[in-house]
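Summary of structural features
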There are 4 protein chains.
Amino acid sequence: MILASVPDLRAAAKKRLPRFLFEYIDGGSYAEATLRRNVADLAELPLRQRVLRDVSALDLSTELFGQKSALPLALAPIGLAGLNARRGECQAVRAAEKAGVPFTLSTVGACTIGEVAAAASKPFWFQLYMIRDRAFMKDLLAKARAAGCSTLVFTVDMPVPGARYRDYHTGLAGSGGLKGAVWRAAQAAMRPGWAWDVGLNGRPHTLGNVAPVLQGKTGIEDFFAWMRHNFDPSINWRDLDFIRAEWDGPLVIKGILDPEDAKEAAELGADGLVVSNHGGRQLDGVLSSARALPPIAEAVGDRLTVLADGGIRSGLDVVRMLALGAKGVLLGRAWAWALGAAGEAGVTRMLAIIEAEMRIAMALTGCTRIADIDRSILATTPGLAAP
Amino acid sequence: MILASVPDLRAAAKKRLPRFLFEYIDGGSYAEATLRRNVADLAELPLRQRVLRDVSALDLSTELFGQKSALPLALAPIGLAGLNARRGECQAVRAAEKAGVPFTLSTVGACTIGEVAAAASKPFWFQLYMIRDRAFMKDLLAKARAAGCSTLVFTVDMPVPGARYRDYHTGLAGSGGLKGAVWRAAQAAMRPGWAWDVGLNGRPHTLGNVAPVLQGKTGIEDFFAWMRHNFDPSINWRDLDFIRAEWDGPLVIKGILDPEDAKEAAELGADGLVVSNHGGRQLDGVLSSARALPPIAEAVGDRLTVLADGGIRSGLDVVRMLALGAKGVLLGRAWAWALGAAGEAGVTRMLAIIEAEMRIAMALTGCTRIADIDRSILATTPGLAAP
Amino acid sequence: MILASVPDLRAAAKKRLPRFLFEYIDGGSYAEATLRRNVADLAELPLRQRVLRDVSALDLSTELFGQKSALPLALAPIGLAGLNARRGECQAVRAAEKAGVPFTLSTVGACTIGEVAAAASKPFWFQLYMIRDRAFMKDLLAKARAAGCSTLVFTVDMPVPGARYRDYHTGLAGSGGLKGAVWRAAQAAMRPGWAWDVGLNGRPHTLGNVAPVLQGKTGIEDFFAWMRHNFDPSINWRDLDFIRAEWDGPLVIKGILDPEDAKEAAELGADGLVVSNHGGRQLDGVLSSARALPPIAEAVGDRLTVLADGGIRSGLDVVRMLALGAKGVLLGRAWAWALGAAGEAGVTRMLAIIEAEMRIAMALTGCTRIADIDRSILATTPGLAAP
Amino acid sequence: MILASVPDLRAAAKKRLPRFLFEYIDGGSYAEATLRRNVADLAELPLRQRVLRDVSALDLSTELFGQKSALPLALAPIGLAGLNARRGECQAVRAAEKAGVPFTLSTVGACTIGEVAAAASKPFWFQLYMIRDRAFMKDLLAKARAAGCSTLVFTVDMPVPGARYRDYHTGLAGSGGLKGAVWRAAQAAMRPGWAWDVGLNGRPHTLGNVAPVLQGKTGIEDFFAWMRHNFDPSINWRDLDFIRAEWDGPLVIKGILDPEDAKEAAELGADGLVVSNHGGRQLDGVLSSARALPPIAEAVGDRLTVLADGGIRSGLDVVRMLALGAKGVLLGRAWAWALGAAGEAGVTRMLAIIEAEMRIAMALTGCTRIADIDRSILATTPGLAAP
Ligand SMILES: Cc1cc2nc3c(=O)[nH]c(=O)nc-3n(C[C@H](O)[C@H](O)[C@H](O)COP(=O)(O)O)c2cc1C
Ligand SMILES: Cc1cc2nc3c(=O)[nH]c(=O)nc-3n(C[C@H](O)[C@H](O)[C@H](O)COP(=O)(O)O)c2cc1C
Ligand SMILES: Cc1cc2nc3c(=O)[nH]c(=O)nc-3n(C[C@H](O)[C@H](O)[C@H](O)COP(=O)(O)O)c2cc1C
Ligand SMILES: Cc1cc2nc3c(=O)[nH]c(=O)nc-3n(C[C@H](O)[C@H](O)[C@H](O)COP(=O)(O)O)c2cc1C
């Protein structure tokens, strides 16, 4: 089967990954209403075709936080993504570099900042969660600076972790001890390709950056327990001062869904924000990013760089998000599936697909540059029987 | 399988209960449109995420009719619920007490008021139907008072019982005599766990409170016949005087869907009302409770305590109902499924799930107290392509 | 299986009738959009529950064209219905009489006017199509008068017959000669109950009223050919004069969907009209009757008796149609399925179900008489998040 | 099985054609949202039934670009259509002539202009793509003139070809060389009827008009490669001058979705335009043609002849498009399926079905001539509960 589209990469990942890993990536929280809305609202957004404009020369490049990017996008931070393929984040960062787009390493990635820096040849982005232990945070930031990370993505929508019930059904969560381990091993055994590539040869299976504070506990349940106990629910706007004090590069607040919160972020001097509902993995029931984005872009788009993520499954969706007011987007599951499907080559393929799809969307809406993409390329939907 | 959510508990109940009992709980009346709307309208209601507010200390407690409740909810009256597990209402009342929330015993529960009172250590609520035989009603109320019941829930939406066609398809209704009994026995035989726990060891299989007037008729068809003949269709607002005369504690009218009726209830001095369509089991086609609630809360919310039930399947749904104007909610099928799935432990688990889900919903909408929850935590849904 | 609802009767008919007959009744024309809308629009219409009104005495009777009717409904004209059970129209007319409601015999029924009159003890209604041969029409009207038919239903929405593609897929239409006959015989052979009852003992299998002009051609394809060639597409408003001249009893125009046409009918002195799209069997794509009805009732409801049909599957639906402005309804497929399921007893059962459902709907909307049912028992659906 | 409707013809084509050919015709680009909308929006458009108007004499004929046409439609240009049956375009042009409607030959048809001209006895239409090699274009236009083609359809919505992912899944696209060929051969082997008719006896399997410039490369992948490299993305409004200079007959611009573009086309003197999204095969996510049509007809309907295509699956749909403002329509997949199902006889059957369906739609909306069909035959859909 040819991997021609992002859904194809998803299907391939489903075939290659153990069930608990695939469902972990694929799922959302609670009833998954927001997850579905993210995808559906984008898919429904009508584009406006224009014809007979010379579209022989298209330029898809842009600038994000002072860095040139070949496409108006970055790879989103994905926790545990490194388990999808051998030393996964290292493979992904290489694919991103080749395509000329930024990669974001999650606080809870499988590879350490240092390991990824060694695999990379250009600055990448680093994502940070608010953790009770401020010394640990300082330490992480110091490592990011040392590794030359260019941009800090500070995620604020996880003061407490939402529950993803698929993980309970696969044994990834809620089944501590031997029982869960055996269950997951059985699932892994049904995926020999992965078991060989990652299970045997992809060690260590730790959360690189967090491993030091986990003190030797390496089970997956130790990780979830740590998250539950060490994420800081008292996080508030004043904590931004602490971050600012430790980080002098561009600072991007990730997880904004409300214009009021966006204004606050602008006030406090953030360089950017990501309109995001964490891919439908935190508060289920919130609006899709596509619906949340326009009023936020309207409110603060001139004061900081507004990015968006959630539900993007094609280059058409990237163009839609830009039309709704984003200056760029993050791709989440798209690259995690691609990595699970075919490692670095998969991510490279995914980025090529997205680019090709963007080209068609731009050519047929009559845009030759990213800056041309705005609300005017969205069609208004007149009532069916109205003139 | 881990029972991580209310739908998981439903699935477990389906596996454990004989078909006629599961469908009896699960189903609604006629085409089940209202049943579906109850669930769908809540699930669709968009929440508004807020970030970077200190949510480290959440208080979920509230006061209902002068009683402190650990959560803003009570277990709804469910007829026949006691058949879902051995002496089911006794197990449920214990789970409710442990979680610090009120339990409501139905007029047509399997256990008598006295049996439940013996199992309980705190006051519970009692639900009453309007019955032709006023002497029998007085007697029930006297028993409730004697048992120390704190609150009377007077259900007014069943002047005549609606038909639930699933019950005809399982043989619970419409198949009198031997044929129906054999049919149900066959279904029970396929559920040996239940057959042992309830069928053999859960006797007597009577409707505790009603048994005296059934005069030895214990068949399920006798019960339905009694309901058809003894529920009082002439019930009207003046009957409230009769109730008031016999009951001096808090009086809650259950089954209000219209603001006009709500005003009447307020006028006549009820202490509370439950916006309810009987879980989609009476007049099919009426609005979901979620849609009916706001105008009612608007009309009488300052004069009496407005509760609501119908379609609540998660803690997020509880928060939604509060946002729509309810001061508290009743959980119906949620506890009946939980009881069928795992007895008292199931109900305890269900309440823990609901609480955990409420915590996430409050933390991520930025509410630290129940009183903070109001319409402002609901997102408005702008048109997709509008700015 | 207990036949508890109209859908149950449909399922039973599907089991008992040969496929070509069942699909003939069940299907609609072209893509069946209107057929689906008829059912869906009614099912969606929200009712408004009221409580604590004395509903111990309900009166469901009404008057239709000077005749008392126990329920505000009549059985609709159904061509070929007589094939669903032995001498089907005779069985149906008896069930209708017992229930105290009018029966309508179709021009193209299986039994003649005379045969039905012999089975009946009270006047029934007769339905007429516009046929090229005016002498034949006069003759039919004379027979109807002679048989004491009380009301003439003149169907105007079939100037040309719409195509029902299910009939082509079952071999009922389009497969002339031996091939079609063999095909249908095979389907009949799979339904031995019907084959015995109707196939062997239900002869003659002619279209009673039309048989004379078919001149001995008794094949089903002869009938369709006759319809195609003898229905009169030149039918227009002036033809009503012809009918009026031949018929001095109440005249009801069936098949009106537009207020302009309704006004014309009123102008020309019709006594009633039926808002109908022929059960979704003529012009697919037109509005459901439920949507077409209100503006028509508004326009002419005070000048003639407005009836409606299409998509009624329960007593709740009957009440909905009345609430939308109809003075009474016709039941189409409901009785055809019932007849196919269990003959006269099936139709009796169906009418009992409809009545029981109407009682619940009236009791819980607080109506004690048919005349109480109006638009005020429909709920308005406020937006989900609006106060 | 009787082929009674267009969906029946589609089903028959699915049975007869190798999978890669069927999916090639059937599919759309990317997520196929526009493909679904084309069909759904038409199907949903409510018609307005009128009764008792004399509809015994219907005239379905019209004039398109100076030519009389028996029906207000033409067969759309379909690339590769000739592979659906032996020398497919020759069969289709004969069926079109018999029915008295124009046939359009695609630039990338299987038969050459000359071969089709030899099979035809009347002028047909020719469709042209913008190709980098202007000399080649001139040559094609010269051949079209020489063959007596009456109308030139200039397609402007393919400056770059959109991706249709079904083609990747069947091996038609993306699998170059032996692998793809073997894969397709296997699919063909499962359709012996087609393999004999077209595979063996339908040679040559070239793209007639394009073969000369493909220089002996006859593989299907050579064709797609040629399209990717030779379609001209610099195409713009000034290129119309070039076409005008080479072609003095009627010129129709195909692929307009926006009123602004339509005005430009009118300004530059086109004789007609086709509101089209290429059957949902180019920019996925654009409006359905049914929704795009009214504002375009409004804007330029008096200055040039507005046609429309996309999603038409019945004669009812043809009437709907006319009601929305089109003077005529193109049928795309309808004839390609019909050709695949039964060759010339299939196309003849399809046109007979469309005509019969148009007759019913006209008779029951009360239109006797094509010119009668306008917006007044569309029903307005009042809210369900509004008067
Ligand atoms: C498996 C998975 C893990 C994630 N882990 C993180 C994380 O560690 N930090 C973070 O800020 N966001 C995380 N996210 C959210 C993503 O950064 C991003 O917001 C989201 O995936 C975008 O939606 P999409 O997957 O529909 O593109 C994660 C998302 C997924 C699917
Ligand atoms: C199986 C079952 C039995 C019920 N029995 C009673 C009852 O005896 N008295 C009463 O007032 N309500 C009764 N109800 C209605 C519930 O109290 C409550 O209103 C409803 O279940 C809420 O909807 P939910 O199940 O979607 O939460 C019953 C509901 C169910 C599902
Ligand atoms: C199988 C069948 C045959 C019908 N034959 C006739 C007929 O002969 N004359 C007529 O006026 N209407 C006829 N109708 C239309 C019905 O009278 C009525 O308008 C329609 O069935 C109402 O819709 P419902 O079936 O959803 O109740 C027929 C309907 C069906 C389903
Ligand atoms: C298989 C296929 C091939 C097509 N090839 C061409 C083509 O070569 N040139 C062109 O202008 N349009 C082409 N089209 C678009 C059609 O001319 C027409 O616009 C479209 O099919 C109308 O939508 P419908 O198929 O839903 O009727 C093609 C469409 C299909 C389905």
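Above this text you will find the structure in question.
Conventions and cut-offs
- Residues numbered from 1 in each chain as written.
- Chains lettered and ligands numbered in written order.
- Predicted model: local features only at pLDDT ≥ 70, side-chain atom pairs only at ≥ 80, totals over all residues.
- Heavy atoms only, no water.
- Helix = DSSP H or I, 4+ residues; strand = E, 2+ residues; numbered from the N terminus.
- Buried < 20%, exposed > 50% of the residue type's maximum accessible area, 1.4 Å probe, protein only.
- Contact = heavy atoms within 4.5 Å.
- Areas by Shrake-Rupley, 256 points an atom, 1.4 Å probe, with all protein chains shown as cover.
- Lys, Arg positive; Asp, Glu negative; His and termini not counted.
- Charge placed at Lys NZ, Arg CZ, Asp CG, Glu CD.
- Pairing = 2+ DSSP bridges.
- Right-handed = clockwise from strand over helix to strand, strands pointing away.
- Arc of directions from axis to C-beta.
- Axes fitted to C-alpha atoms, helices over the stretch in contact; angles between N-to-C directions.
- Left-handed = near helix turned anticlockwise from the far one by under 90°.
- Nonpolar A, V, L, I, M, F, W, Y, C, P; charged D, E, K, R; others polar.

Now for the overall build of chain A. In terms of helices and strands, chain A carries 16 helices and 10 strands. Here chain A, with 387 residues, has 64% of them falling under the buried criterion. Considering only residue pairs separated by 6 or more positions, chain A has 72% of its internal contacts joining residues 24 or more positions apart. Surface exposure of chain A reaches about 12,800 Å², of which carbon and sulfur atoms provide 54%. When the 44 positive and 40 negative side-chain charges of chain A are each reduced to one mean point, those points stand 6 Å apart.

What follows is about the pairing of strand β8 (residues 272-275) of chain C. Residue and element names in this part refer to chain C. Residues Gly272 and Val274 point to one face of β8 and Leu273 and Val275 to the other, with burial holding for every one of them. Relative to β8, strand β7 (residues 251-256) runs parallel, the two sharing four bridges. Looking across to β8, one finds that Lys254 is bridged to Val274. Each parallel crossover has a hand, and for β7 linked through helix α13 (residues 259-267) to β8 it is right-handed.

Attention now moves to helix α1 (residues 6-16) of chain A. Along α1 of chain A, the residues classified as buried are Val6, Asp8, Leu9, Ala12 and Ala13 of chain A. Seen along its axis, α1 of chain A keeps its buried residues to an arc of 150°; they face one direction. Looking at the buried positions of α1 of chain A, the neighbouring elements they touch are α2 (19-26) and α16 (333-365) of chain A together with α7 (165-170) of chain D.

It is worth spelling out the packing of helix α13 (residues 259-267) of chain D against helix α14 (residues 289-300) of chain D at this point. All names here are of chain D. Their axes nearest at 9 Å, the elements α13 and α14 cross at an angle of 35°. The hand of the α13/α14 crossing is right-handed. Within the contact between the two elements, α13 uses Pro259, Ala262, Lys263 and Ala266 and α14 uses Pro295, Ile296, Ala299 and Val300. In the contact of α13 with α14, the residues fall into seven nonpolar, no polar and one charged.

Let us now look at unusual backbone geometry. A cis amide bond, omega 0°, links Arg203 of chain A with the succeeding residue Pro204 of chain A. Summarising the element assignment, Pro204 of chain A is placed in the loop between α9 (192-200) and α10 (211-214). Despite not being glycine, Tyr30 of chain B shows a phi value in the positive range, around 50°. One can find Tyr30 of chain B in the loop between α2 (19-26) and α3 (33-44).

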